[in-house]
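The chain contents come next:
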Amino acid sequence: MFYFSNEITEYFMKFLSKEIKVSEMEQWIYDKNFLSELGDKTCELVVSLDFHSVFTEKDIEEFIINLYEENFVDLTKERITWIVSGMANGTYDLILGCAILANLRSFGKDAEYIPILYVGYDSELEDIDHRYNKLIIEEKSEKERLFNFYKEKIHNLSIEFLNKLSGNFSEGINS
């Protein structure tokens, strides 16, 4: 099975998550010369993109999605693995990642292998944020303490989940 390099995966996922703009993607494409890694057909398609068109963002999204499909790589699994990996190694915000994973678990297609604890932790964090919205000094420290408590739990869960994702994907995910 074909896999993209970590750098390509990172830029693709950041672009699809709207963390980087078209101009940043264009700069990366030409600076890193990743085209040679993707083959002639893909190279021609990317070179033909008009990075200044109003349709460029959608074109790049479609290009990335098609690239994953052509190479039989599950884009959802790739995105989940990228988020969880970042959460485990500290490069992806734990609270944001938890919210995304909870949403994917609750509403995503074929994402029931995501531990249900992400949904619970996301719900708890939302409750804490709502409960401590009138921030007097005592409440600020309690909110921070509770957020840090859940961040640690989310981090540990992410490490455990990443280990399961790195192993046999179809076995033991929900155990």
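Residues numbered from 1 in each chain as written. Predicted model: local features only at pLDDT ≥ 70, side-chain atom pairs only at ≥ 80, totals over all residues. Heavy atoms only, no water.

Q: Mind laying out the overall build of the protein, listing which residues take part and the relevant values?
A: A tally of helices and strands in the protein yields nine helices and zero strands. A total of 175 residues make up the protein; the buried ones form 36% of that total. Counted over contacts in the protein with a minimum sequence separation of 6, partners at least 24 positions apart contribute 57%. Of the roughly 10700 Å² that the protein leaves accessible, carbon and sulfur atoms contribute 51%. (Helix = DSSP H or I, 4+ residues; strand = E, 2+ residues; numbered from the N terminus. Buried < 20%, exposed > 50% of the residue type's maximum accessible area, 1.4 Å probe, protein only. Contact = heavy atoms within 4.5 Å. Areas by Shrake-Rupley, 256 points an atom, 1.4 Å probe, with all protein chains shown as cover.)

Q: Explain the side chain of Lys 143 to me, and be specific about the residues and the numbers.
A: As for its placement among the helices and strands, Lys 143 is situated in helix α9 (residues 137-166). Of note is the side chain of Lys 143, whose polar atom sits 2.6 Å from the side chain of Asp 129. (Polar contact = N/O pair within 3.5 Å; in protein donor to acceptor, adjacent residues only side chain to side chain.)

Q: Which residues make up the packing of aromatic side chains, and what values go with them?
A: Applying the stated criterion across every chain yields a total of eight aromatic pairs. With a centroid separation of 4.4 Å and an interplanar angle of 10°, the aromatic rings of Tyr 11 and Trp 28 are classed as stacked. Separated by 17 residues along the polypeptide, Tyr 11 in helix α1 (residues 6-16) and Trp 28 in helix α2 (residues 22-32) bring together distant segments of the chain. Centre to centre, the rings of Trp 82 and Tyr 92 are 5.3 Å apart; their planes meet at 75°, and the pair counts as edge-to-face. With a gap of 10 residues between them, Trp 82 in helix α6 (residues 75-89) and Tyr 92 in the loop between α6 and α7 (94-107) connect regions that are remote in the sequence. Residue Tyr 92 is classed as buried on the basis of its relative accessible area, which comes to 9%. Among the aromatic side chains, those forming a connected cluster through ring pairs are Phe 12, Phe 63 and Tyr 68. (Phe/Tyr/Trp six-rings, centres within 6.5 Å; stacked < 30°, edge-to-face > 60°.)

Q: Any chance you could break down the nonpolar core for me, citing the residues and the numbers?
A: Within the largest apolar cluster, 45 residues are counted, with the highest numbers of intra-cluster contacts made by Phe 12, Met 25, Ile 80, Ile 114 and Tyr 118. Contributions of two or more residues to this core are made by α1, α2, α5 (56-70), α6, α7, α8 (117-131) and α9. No other element matches the eight residues that α9 contributes to this core. Beyond its immediate sequence surroundings of up to four residues, Ile 114 is in contact with Ile 80, Leu 101, Leu 104, Arg 105 and Phe 161. (Core = buried A, V, L, I, M, F, W, Y, C linked by side-chain atoms within 4.5 Å.)

Q: Talk me through α1; I want residue IDs and the actual numbers.
A: Of the positions making up α1, those classed as buried are Ile 8, Thr 9, Phe 12, Met 13 and Phe 15. Along the axis of α1, the buried residues cluster in a sector spanning 160°; they form a single face. (Arc of directions from axis to C-beta.)

Q: Summarise α7; cite the residues concerned and give the values.
A: Compared with the 20 Å implied by 1.5 Å per residue over 14 residues, the 20 Å span of α7 between its first and last C-alpha is a close match. For α7, the set of buried residues is Leu 94, Gly 97, Cys 98, Ile 100, Leu 101, Ala 102 and Leu 104. N-capping of α7 is provided by Asp 93, with a side-chain oxygen placed 3.2 Å from the backbone N of Ile 95. (Expected span 1.5 Å × (residues − 1).)

Q: Can you tell me about the pattern of salt bridges, naming the residues and giving the values?
A: Summed over all chains, the structure comprises six salt bridges. A salt bridge links Glu 61 to Lys 18; the nearest nitrogen and oxygen atoms lie 2.6 Å apart. Of this pair, Glu 61 sits in helix α5 while Lys 18 sits in the loop between α1 and α2, and the two are 43 residues apart along the sequence. The exposure class assigned to Glu 61 is buried, which follows from its relative accessible area of 14%. What makes Lys 18 exposed here is its relative accessible area of 53%. We note a salt bridge from Glu 142 to Arg 145, for which the minimum N-O separation is 2.8 Å. Of the two residues, Glu 142 and Arg 145 both sit in helix α9, three residues apart, roughly one turn of that helix. You can call Arg 145 partly exposed: its relative accessible area is 45%. Salt bridges linked by common partners bring Lys 18, Glu 57 and Glu 61 together as one network. (Salt bridge = Lys/Arg side-chain N within 4 Å of Asp/Glu carboxyl O.)

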